[in-house]
Amino acid sequence: MNVYERVFETILDRKANPEQGSYTTYLFEKGLEKILKKVGEESTEVIIASCKHDKEEVINEYGDLIYHLLVLMAELGITLDDIHAVMEERDKKTHNLKAERKPIENL
Ligand SMILES: N=c1c2ncn([C@@H]3O[C@H](COP(=O)(O)OP(=O)(O)OP(=O)(O)O)[C@@H](O)[C@H]3O)c2ncn1[C@@H]1O[C@H](COP(=O)(O)O)[C@@H](O)[C@H]1O
């Protein structure tokens, strides 16, 4: 198992078996709205760190974002295999830029 799989397993376990002192348990107890707020917050933090060109901060915020996305997946009953399947499917097709895309200055 890679680290994403291990963390996701822990998240699923927290969902099935709430534990005192667990941040994941706290998120599941708060519910979907709280999880969505955290995903939005962590996405924004990735954007802000990127604007600052602070690579170390971006990497750290990415870690927070990925974790919260995994919690959201667990909340919604989505598995890593579901995401894997969609990425595998998309990987079959490259050169995805649409021919009819408008130039930016015309937007
Ligand atoms: N990867 C993470 C992870 N990344 C970030 N965080 C938590 O996410 C929070 C993000 O910080 P913020 O300042 O945005 O949020 P906060 O002020 O702590 O909390 P809020 O009041 O905003 O909800 C911190 O509390 C971090 O501890 C994580 N908490 C848990 N994990 C993984 O989940 C596993 C289980 O952890 P527990 O559920 O705590 O046992 C761990 O082994 C890790 O693998």
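What counts as what
- Residues numbered from 1 in each chain as written.
- Predicted model: local features only at pLDDT ≥ 70, side-chain atom pairs only at ≥ 80, totals over all residues.
- Heavy atoms only, no water.
- Helix = DSSP H or I, 4+ residues; strand = E, 2+ residues; numbered from the N terminus.
- Rg over C-alpha atoms; globule rule 2.2 N^0.38 Å.
- Buried < 20%, exposed > 50% of the residue type's maximum accessible area, 1.4 Å probe, protein only.
- Contact = heavy atoms within 4.5 Å.
- Areas by Shrake-Rupley, 256 points an atom, 1.4 Å probe, with all protein chains shown as cover.
- Axes fitted to C-alpha atoms, helices over the stretch in contact; angles between N-to-C directions.
- Parallel < 35°, antiparallel > 145°, perpendicular 65-115°, else oblique.
- Left-handed = near helix turned anticlockwise from the far one by under 90°.
- Nonpolar A, V, L, I, M, F, W, Y, C, P; charged D, E, K, R; others polar.

As annotated in an unreviewed UniProt entry, the protein carries the name Phosphoribosyl-ATP diphosphatase and is attributed to Dubosiella muris.

## Re the overall build of the protein
On a plain count of helices and strands, the protein comes out with five helices and zero strands. Over its C-alpha atoms the protein spans a radius of gyration of 17 Å, topping by over 25% the 13 Å that the globule rule assigns to 107 residues. Expressed as lengths along the three principal axes of its C-alpha atoms, the size of the protein is roughly 55 × 35 × 25 Å. Counting only residues that meet the buried cut, the protein has 23% of its 107 residues in that class. Excluding contacts between residues fewer than 6 apart, the proportion of contacts in the protein whose partners are at least 24 apart in sequence is 56%. Carbon together with sulfur atoms contributes 55% to the accessible area of the protein, which is approximately 8,400 Å² in total.

## Considering the packing of helix H1 (residues 3–16) against helix H2 (residues 23–30)
The interhelical angle for the contact between H1 and H2, taken along N-to-C directions, is 55 degrees, at an axis separation of 9 Å. As far as their axial angle goes, H2 and H1 are oblique. H1 and H2 meet at a crossing whose hand is right-handed. When H1 is examined against H2, the residues Ile11, Arg14 and Lys15 are found in contact with a partner set consisting of Thr24, Thr25 and Phe28. Looking at side-chain class alone, the contact of H1 with H2 contains two nonpolar, two polar and two charged residues.

## Topic: the side chain of histidine 68
Its location among the elements puts histidine 68 in helix H4 (residues 55–76). Judged by relative accessible area, which is 4%, histidine 68 ranks as buried. Among residues more than four places away in sequence, those in contact with histidine 68 are Tyr23, Leu27, Ile35, Lys38, Val39 and Glu42.

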